[in-house]
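Next come the chains, spelled out residue by residue.
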Amino acid sequence: MKCYLGGIELNEAKRIICLIDDEFEDLELWYPVYRAREEGAVVLYAGPEKGRKHIGKYGVPAVADLSYEELDAERCDGLLVPGGWAPDKIRRSERVQAFVREIDAAGKPIGQICHAGWVLISAKILQGRKVTSTPGIRDDMENAGAVWFDEAVVVDGNLISARRPPDLPEYAKAFCDVLYGRRS
């Protein structure tokens, strides 16, 4: 049986959604995406409009394979949210907020780094959760009910969080370990 998401045929590989909008942090998008693809995962970009090109803070483009309205938590295995300034735009979408809650309720991995915590705050899934982020949004995370740690990576069940680009190797590995049911 063939499986489709937003008109894209998917195979039996793990399927990950990566949320995008303009001014994402380039390394925080590309590093975990390539790491997941090295593991055999299919990564699709979801943005406000299918087919729209979004430019990262340092000029690297990514094109939305899906619109936010096409997001379907039942047809994906995990979620990546890069940092940068994009999360402040992404968090405003009610569909994205609902999608994040659906992914979390299903216990599927959610990776967030740096300012990506803003998306999880708006989705209201951080109460009592252990996380990290860029120290610049520590107060926001704590005000949302999270328990914040100044560590490279924090894994709390299905939630994998990291502070900033120097933490990318540990973050991408931890995300893939949770995605594939490995514990490091």
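Up top you'll find the structure we're talking about.
Residues numbered from 1 in each chain as written. Predicted model: local features only at pLDDT ≥ 70, side-chain atom pairs only at ≥ 80, totals over all residues. Heavy atoms only, no water.

A few points about the overall build of the chain
Helix and strand counts for the chain come out as 6 helices and 13 strands. Computed over its C-alpha atoms, the radius of gyration of the chain comes to 15 Å, within 12% of the 16 Å expected for a compact globule of 184 residues. Principal-axis analysis of the C-alpha atoms places the extent of the chain at approximately 45 × 35 × 30 Å. Considering the chain as a whole, with its 184 residues, one finds that 56% of them fall into the buried category. (Helix = DSSP H or I, 4+ residues; strand = E, 2+ residues; numbered from the N terminus. Rg over C-alpha atoms; globule rule 2.2 N^0.38 Å. Buried < 20%, exposed > 50% of the residue type's maximum accessible area, 1.4 Å probe, protein only.)

Examining helix H3 (residues 94-105)
The end-to-end C-alpha distance of H3, which contains 12 residues, comes to 16 Å, matching closely the 16 Å that a straight helix rising 1.5 Å per residue would cover. Along H3, the positions that sit buried rather than exposed are Arg95, Val96, Gln97, Ala98, Phe99, Val100, Ile103 and Asp104. Its buried side turned inward, H3 meets strand S3 (15-19), strand S8 (78-81), helix H2 (86-90), strand S9 (110-113) and helix H4 (117-123). At the exit of H3 stands Gly107, carrying a positive phi of roughly 75°. (Expected span 1.5 Å × (residues − 1). Contact = heavy atoms within 4.5 Å.)

As for the sheet that holds strand S13 (residues 159-162)
Pairing is mixed across the open sheet formed by 7 strands, whose spatial order is S7-S4-S3-S8-S9-S13-S12. At either margin of the open sheet sits one strand with a lone partner, and together these are strand S7 (66-67) and strand S12 (153-156). Bridge count for S3 against strand S4 (residues 42-47) is 5 bridges, and the pairing is parallel. Opposite Leu19, over in S4, you have Ala46 as the bridge partner. (Pairing = 2+ DSSP bridges.)

Things to note about the side chain of Arg95
Relative to the helices and strands, Arg95 is located in helix H3. The class of Arg95 is buried, set by a relative accessible area of 18%. Dropping the residues within four chain positions of it, Arg95 is found in contact with Tyr68, Glu69, Leu71, Asp72 and Glu102.

Some remarks on the side chain of Asp21
Mapped onto the fold, Asp21 is located in the loop between S3 and helix H1 (26-38). Within the buried core, Asp21 has no salt-bridge partner, and the shortest N-O distance to an opposite charge, that of Arg52, equals 4.5 Å. Those residues in contact with Asp21 that sit more than four places away from it in its chain are Pro48, His54, Tyr68, Ala86, Lys89 and Ile90. (Lys, Arg positive; Asp, Glu negative; His and termini not counted. Salt bridge = Lys/Arg side-chain N within 4 Å of Asp/Glu carboxyl O.)

Some points on the pattern of salt bridges
Summed over all chains, the structure comprises 16 salt bridges. Residues Arg129 and Asp104 are paired through a salt bridge, measuring 3.1 Å at the closest nitrogen-oxygen approach. With Arg129 in the loop between H4 and strand S10 (130-131) and Asp104 in helix H3, the pair connects residues that are 25 residues apart, well separated along the chain. The pair Arg129 / Asp104 is uniform in exposure class, with both members buried. A salt bridge links Arg163 to Asp167; its shortest N-O distance comes to 2.9 Å. The same class applies to Arg163 and to Asp167, which are both buried. Put simply, Arg35, Glu39, Lys173, Asp177 and Arg182 are held in one network by salt bridges that share partners.

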